[in-house]
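Per-entry structural report
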Amino acid sequence: MRELSLHILDIVQNSIAADADLIKLIIREDIAKNLLIIVIEDNGKGIESEDISRVVDPFVTSRKTREVGLGLSLFREASRRSRGDMKIESEPGKGTRITAYFEYNNIDRAPLGDIVGTIVALITTNPEIDFIYRHVYEGREFVFSTEEIKAELGDVSINEHPVLNWIEKNLNEELRDLYGGDL
């Protein structure tokens, strides 16, 4: 995959398949430490401890529709290509936390990509799931929560077009502010 946002989309699909109803995405960009960290955390079914090392094997999957699962193995390889790695923590019945580390300025690190489009797509197709997106750049941060938006919307669905347009515009503005006007 050419963009990290596509890896994120794929891993979040795993969380959705694990019956998560709360998914957190944390992106930390620390230029001074030359580090990009992506965390995807859910409250889904979790993974048995003896299976954690096996889930990065592309020929191990819990899916019934096909016999391979490339998402985690590709994400781990993307991190390793840029002198990073990936860690999986999970507890059955409580959820899973995937943390990928990347050398920020490594020429082989894929760009973050369209993270706003990824989040909007996830909300559009999964309005019943709550997403929390936290982005930290050089010590500045913003947090976006669908739970808060849903509370304000009342009976209006979060995946109505005007709401999604507002979310997209708001996320783009927040990122622009976070990066100091550059996006």
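Here the structure is a predicted model, which means the values were calculated and not measured.

Before going further, it helps to spend a moment on the sheet that holds strand β5 (residues 130-137). Strand order in the open sheet formed by six strands is β3-β4-β2-β1-β5-β6, with mixed pairing between adjacent strands. Two strands bound the open sheet, and with one partner strand each, they are β3 (85-91) and β6 (140-145). In this sheet, neighbouring strand axes are inclined to one another by 10 degrees on average, regardless of whether the strands run parallel or antiparallel. Where strand β2 (residues 35-42) and strand β4 (residues 95-103) come together, eight bridges link them in antiparallel fashion. Across the sheet, the residue bridging to D42 is T96, located in β4. Where helix α1 (residues 4-17) meets the sheet, its contacts fall on β1 (22-30), β2, β4 and β5, and the angle it forms with β2 comes to roughly 20 degrees.

Structural remark: α-helix, 3.6 residues per turn; residues separated by three or four positions point the same way. Of all the positions in helix α4 (residues 115-125), only I115, V116, T118, I119, V120, L122 and I123 are classed as buried. The elements touched by buried residues of α4 are α1, β1, β5, β6, α5 (146-153) and α6 (161-178).

Here the focus is empty space enclosed by the protein. Counting across every chain of the model gives one cavity of 30 Å³ or more. By volume, the largest cavity is sized at about 90 Å³. For the lining of the largest cavity, the secondary-structure elements that each account for two or more residues are α1, β1, α4 and β5. Its residues assigned to classes, the lining of the largest cavity comprises 10 nonpolar, no polar and one charged.

Here we take up the packing of aromatic side chains. Taken as a whole and judged by the stated rule, the model has three aromatic pairs. Between Y137 and Y179 the ring centres are 4.6 Å apart and the planes differ by 75 degrees, which places this aromatic pair in the edge-to-face class. Here the residue Y137 occupies a position in strand β5, and Y179 occupies one in the segment after α6, the gap between them amounting to 42 residues. There is no split in this pair, since Y137 and Y179 are both buried. Between R109 and the ring centre of Y104, over which it is positioned, the NZ or CZ distance is 4.6 Å.

So, on to the packing of α1 against helix α3 (residues 71-81). At a minimum axis distance of 9 Å, the contact between α1 and α3 shows a crossing angle of 145 degrees. As α1 runs across α3, the sense of the crossing is left-handed. For the pair formed by α1 and α3, the contact residues are H7, D10, I11 and N14 on the first element and G71, L72, L74, F75 and A78 on the second. Taken together, the residues that form the contact of α1 with α3 break down as five nonpolar, three polar and one charged.

Scoring rules and cut-offs
Residues numbered from 1 in each chain as written. Predicted model: local features only at pLDDT ≥ 70, side-chain atom pairs only at ≥ 80, totals over all residues. Heavy atoms only, no water. Pairing = 2+ DSSP bridges. Helix = DSSP H or I, 4+ residues; strand = E, 2+ residues; numbered from the N terminus. Axes fitted to C-alpha atoms, helices over the stretch in contact; angles between N-to-C directions. Contact = heavy atoms within 4.5 Å. Buried < 20%, exposed > 50% of the residue type's maximum accessible area, 1.4 Å probe, protein only. 1 Å grid on protein atoms, 1.4 Å probe; cavity = no way out; pocket = protein on both sides within 12 Å on 5 of 7 lines; lining within 4 Å. Points joined across faces, edges and corners; volume = space filled by probe spheres on them. Nonpolar A, V, L, I, M, F, W, Y, C, P; charged D, E, K, R; others polar. Phe/Tyr/Trp six-rings, centres within 6.5 Å; stacked < 30°, edge-to-face > 60°. Lys NZ or Arg CZ within 6 Å of the ring centre and 35° of its normal. Left-handed = near helix turned anticlockwise from the far one by under 90°.

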